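Understanding the architecture of this molecule
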Amino acid sequence: MAAPEEPLRKRKAGVVGPAPESPPGPGRDPAGCPARLRAGTFWLTRIVLLKALAFVYFVAFLVAFHQNKQLIGDTGLLPCRVYLRSVQQHFRGQVSWETVSYAPTVLWLLDWSHMDFNLDALALLGLGISSFILVSGCANMVLMATLWVLYMSLVNVGQIWYSFGWESQLLETGFLGIFLCPLWTLSPLPRGTPTSRIVLWGYRWLIFRIMLGAGLIKIRGDQCWRDLTCMDFHYETQPVPNPVAYFLHHSPWWFHRFETLSNHFLELVVPFFVFLGRQMCILHGALQILFQMVLIISGNLSFLNWLTIVPSLACFDDATLGFLFPSGPGSLKDQVLRMQEEEARGARAPRTRGSVARYTVNLALGVLVAWLSVPVVLNLLSPQQVMNSSFNPLRIVNTYGAFGSITKERMEVILQGTASPNASAPDAKWEDYEFKCKPGDLKRRPCLISPYHHRLDWLMWFAAFQTYEHNEWIIHLAGKLLANDAQALSLLALNPFAGRAPPRPPCSLRHSKIEIRPINNPTVASKCSSERKSCMSLTLNQKLKMIKFSEEGMSKVKVGQKPGLLHRTAKL
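In this text, all values refer to a predicted model and were calculated from it rather than measured experimentally.

1. A look at the confidence of the model for the protein
Looking at the protein, the pLDDT average stands at 84 and 83% of residues meet or exceed 70. A low-confidence stretch, residues 1–23 (pLDDT under 50), is modelled with one contact involving residues beyond four sequence positions or located in other chains. A low-confidence stretch, residues 521–572 (pLDDT under 50), is modelled with 118 contacts involving residues beyond four sequence positions or located in other chains.

2. Description of the packing of helix α2 (residues 43–72) against helix α16 (residues 332–344)
Where α2 meets α16, the closest approach of the two axes is 9 Å, and the angle between their N-to-C directions is 145°. Residues Trp43, Leu44 and Ile47 of α2 pack against Leu332, Val336 and Met339 of α16. Of the residues belonging to the contact of α2 with α16, the class tally is six nonpolar, no polar and no charged.

3. Digging into the nonpolar core
Membership of the largest hydrophobic core comes to 138 residues, with the highest contact counts inside it found for Met144, Tyr151 and Trp161. With 18 residues, α2 is the single largest residue contributor to this core. Formed by seven residues, the second largest nonpolar core is a distinct cluster that contains Phe208, Cys281, Cys315 and Leu380.

4. Some thoughts on the state of the cysteines
Applying the stated criterion across every chain yields a total of two disulfides. The partner cysteine of Cys224 in its disulfide is Cys230, sulfur to sulfur 1.7 Å. Between Cys224 and Cys230 the sulfur-sulfur dihedral comes to about 65°; the bridge is accordingly right-handed. Judged on exposure class, the residue Cys224 and its partner Cys230 are both buried. Along the protein, the cysteines that take part in disulfide bonds pair up as 1-2, 3-4, counted in sequence order. Free of any disulfide, Cys181 has its nearest cysteine sulfur in Cys138, 9.1 Å distant.

5. What about helix α5 (residues 115–136)?
The end-to-end C-alpha separation of α5 is 32 Å, in line with the 32 Å expected for 22 residues at 1.5 Å each. All of the buried residues along α5 are Met115, Asp116, Asn118, Leu119, Asp120, Leu122, Ala123, Gly126, Leu127, Ile129, Ser130 and Ile133.

6. Quick word on the pattern of salt bridges
Tallying each qualifying case throughout the model produces twelve salt bridges. Note that Glu342 and Arg191 form a salt bridge whose closest N and O atoms lie 3.4 Å from each other. Of this pair, Glu342 sits in helix α16 while Arg191 is found in the loop between α7 (165–178) and α8 (197–220), placing the two residues 151 residues apart along the sequence. With relative accessibility at 30%, the residue Glu342 sits in the partly exposed group. With relative accessibility at 48%, the residue Arg191 sits in the partly exposed group. When the shortest N-O distance is used, the salt bridge between Asp222 and Lys408 registers 3.0 Å. Residue Asp222 is located in the loop between α8 and α9 (223–226), and its partner Lys408 is located in the loop between α17 (353–381) and β1 (410–418); the two are separated by 186 residues in the primary sequence.

7. Notes on a nonpolar patch on the surface
A cluster of nonpolar residues, Trp201, Phe272, Phe275 and Leu276, forms a patch on the protein surface that exposes about 410 Å² of accessible area. Owing to a relative accessible area of 39%, Trp201 belongs among the partly exposed residues under this scheme.

8. Side note on unusual backbone geometry
Here the amide bond leading from Ser450 into Pro451 is cis, since omega sits at 15°, within 30 degrees of zero. One can find Pro451 in the loop between β3 (434–435) and α18 (455–463). Positive phi values are uncommon outside glycine, yet Gln159 reaches one of about 55°. Examined against the element boundaries, Gln159 turns out to sit in the loop between α6 (141–155) and α7. The residue Ser302 is not glycine, and still its phi comes out positive at about 55°. With respect to the helices and strands, the residue Ser302 is situated in the loop between α13 (278–298) and α14 (304–312). On the basis of relative accessibility, which here comes to 0%, the residue Ser302 falls in the buried class.

9. With respect to the environment of Leu287
With respect to the helices and strands, the residue Leu287 is situated in helix α13. Residues Leu287 and Leu266, 21 residues apart in the sequence, show an inter-C-alpha distance of 7.5 Å.

10. Some thoughts on the UniProt feature "transmembrane region" (unreviewed entry) in the protein
UniProt records the feature "transmembrane region" (unreviewed entry) at residues 43–65, 117–135 and 359–381, using the numbering of this structure. End C-alpha atoms of residues 117–135 are separated by 27 Å, and the span's content is 100% helix alongside 0% strand. Within residues 359–381, the helical portion is 100% and the strand portion 0%, while the C-alpha atoms at the span's ends are 32 Å from each other.

11. Section: the packing of aromatic side chains
Applying the stated criterion to the full structure yields 25 aromatic pairs. A ring pair is formed by Phe164 and Phe462, whose centres lie 6.2 Å apart and whose planes are at 45°; its orientation type is tilted. Of the two residues, Phe164 is situated in the loop between α6 and α7 and Phe462 in helix α18; the sequence distance between them amounts to 298 residues. Looking at Phe164, the relative accessible area reads 3%, which means it is buried. With centroids separated by 5.0 Å and ring planes inclined at 75°, the aromatic side chains of Trp461 and Phe462 adopt a geometry described as edge-to-face.

Cut-offs applied
- Counting restarts for each chain: residues are numbered from 1 in the order of the written sequence.
- The predicted origin of the model limits local features to residues at a pLDDT of at least 70 and limits the giving and counting of side-chain atom pairs to 80 or more, whereas totals for whole chains, interfaces and linings rest on all residues.
- As a convention, hydrogens and water are excluded, and side-chain values are obtained from all of the structure's heavy atoms.
- For every residue, the pLDDT score states the predictor's confidence, bounded by 0 at the bottom and 100 at the top.
- Here, two residues are considered to be in contact whenever any of their heavy atoms come within 4.5 Å of each other.
- A fitted line through C-alpha atoms serves as each axis, taken over the contacting stretch for helices, and the angle formed by two N-to-C directions is quoted from 0 to 180°.
- Think of it this way: any DSSP run of H or I at least four residues long counts as a helix, any run of E at least two long counts as a strand, and we number them from the N terminus.
- As a working rule, the residues Ala, Val, Leu, Ile, Met, Phe, Trp, Tyr, Cys and Pro are called nonpolar, Asp, Glu, Lys and Arg charged, and the rest polar, with Gly in that last group.
- Grouping buried Ala, Val, Leu, Ile, Met, Phe, Trp, Tyr and Cys residues that are joined through side-chain atoms within 4.5 Å yields what is termed a nonpolar core.
- Classification of residues uses two cut-offs on accessible area relative to the type maximum, computed with a 1.4 Å probe and protein chains only: under 20% is buried, over 50% is exposed, and between them is partly exposed.
- For this text, the term disulfide refers to a pair of cysteine sulfurs within 2.5 Å.
- Helices are assigned an expected span. That span is 1.5 Å times one less than the residue count.
- By definition, a salt bridge exists where a carboxyl oxygen of Asp or Glu is found within 4 Å of a side-chain nitrogen of Lys or Arg.
- Put simply, a patch holds well-exposed residues, over 30% relative accessible area, that have no salt bridge, with like charges counted together within 9 Å and Val, Leu, Ile, Met, Phe, Trp or Tyr side chains within 5 Å.
- Accessibility throughout is a Shrake-Rupley quantity obtained with a 1.4 Å probe, and a residue counts as covered only by protein chains that appear here.
- UniProt positions are given in the numbering used here, feature names are shortened, and annotations may be inferred rather than shown by experiment.
- Aromatic pairing here means that ring centres of Phe, Tyr or Trp (its six-membered ring) are within 6.5 Å. Orientation follows from the plane angle: under 30 degrees is stacked, over 60 is edge-to-face, and everything else is tilted.

This is the structure:
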């Protein structure tokens, strides 16, 4: 009878035996700590990818809404209505399959008499859809395909204004985004539609070609990339410098050599990391995103670098991106963890006709991308490599590259007007038109606008390499300024003839090419002014006489003999 006394004493002293173990709560490991996401799934990756792509779409459509009417609208500098009519006449005046395939756009189906309304409608619809995806993080194939069709419709009538390489890059990135999503379901985590590995590898193939193409075009292009001196000039001569570019330009010579070597490493070596397993692929994505962030800080390169970040995100799985999401019960991260646990226990969704159809579609996508990549790969291997070009009108797989050559001096086109009836008189006062971001007034601080894009300012940079005869749109711009056209003036930052009573346009207009060089001491404005005057005194000013300004004169479109090659290439 003495045996039971020991347990009795323990109960009286409040000492109890170990309680049976209870299973850990959802989202926690046996030790009670928050469980970590496992590697190899891409549910959260899809959300981050869609939000990043939606952000770039939003910026692109915002630029279109603000500038399309002035550039390609009813009375724009190069009206898209006149362009479409020229394409139609090239194909015997009919809107046939051949015509539409040459310039794919929904504008063929709309009323051309209200083109401003059509352009605004496309841009606003794109803004609305991209805003929804950006906020919610969910999309379906219908929404993503709509965004792609809308932007392709603008690019294919945008002419020279949409000839930049990032337009095709956004279309290729957006096309792959269509296949990231379920057909109809709008859910951040559509359980029946896991992220396709084929689409992820499509994005990895895209970032591989973007970076390797940019690296090869540099090595094959300008000698300064090979002797490591290009960065001595880049910050001074890039299209639209920002405030940081001034300080980077004045960095020590050894820093510029380090920059160039780093650029070659990131563009020629790092891209191959994507094929070397999970850890190296993650390293590749991190290095490329860091590289793009540095480029964003150092210049106003539109949304190019923001867009290049998007395919880099496909290098990360849920375990890598989990830190971006909260860990509370019921959160997206917690739901992904539950799905991973179910998959670890062997619970798999039953195979349905829908899942089989989706797998077939993704497989067909992989075959299509591989087939369209053949000329792109041949172009990469060719000594005559061409950058920022498309081999198909839908721009699904393209060639890329940037800054294959670096200009060693900065030339700027300055537009000036005078109210003097006699423009040749010595006392005629010439006043400058100022652009929103293009360098002009040497006392004005460089702008900081990335990811926004002032298309006219960029084209003015290209125009400085040639004469106005090679850029007919600048003649149209001059005529608009002579007419004091409010729509064209909205593209500029300063109209020197605004606010005068009575309001009157300039009597004459001229343009000059001047060379601008940065001064070591940015506070010495007088030195900048005298330097600019000396440059102007050495240039030949050409007066632009505009007698008649008709719509037909605003857009003489020359349709190429080979379909698909019209305004497909832009050089940086």
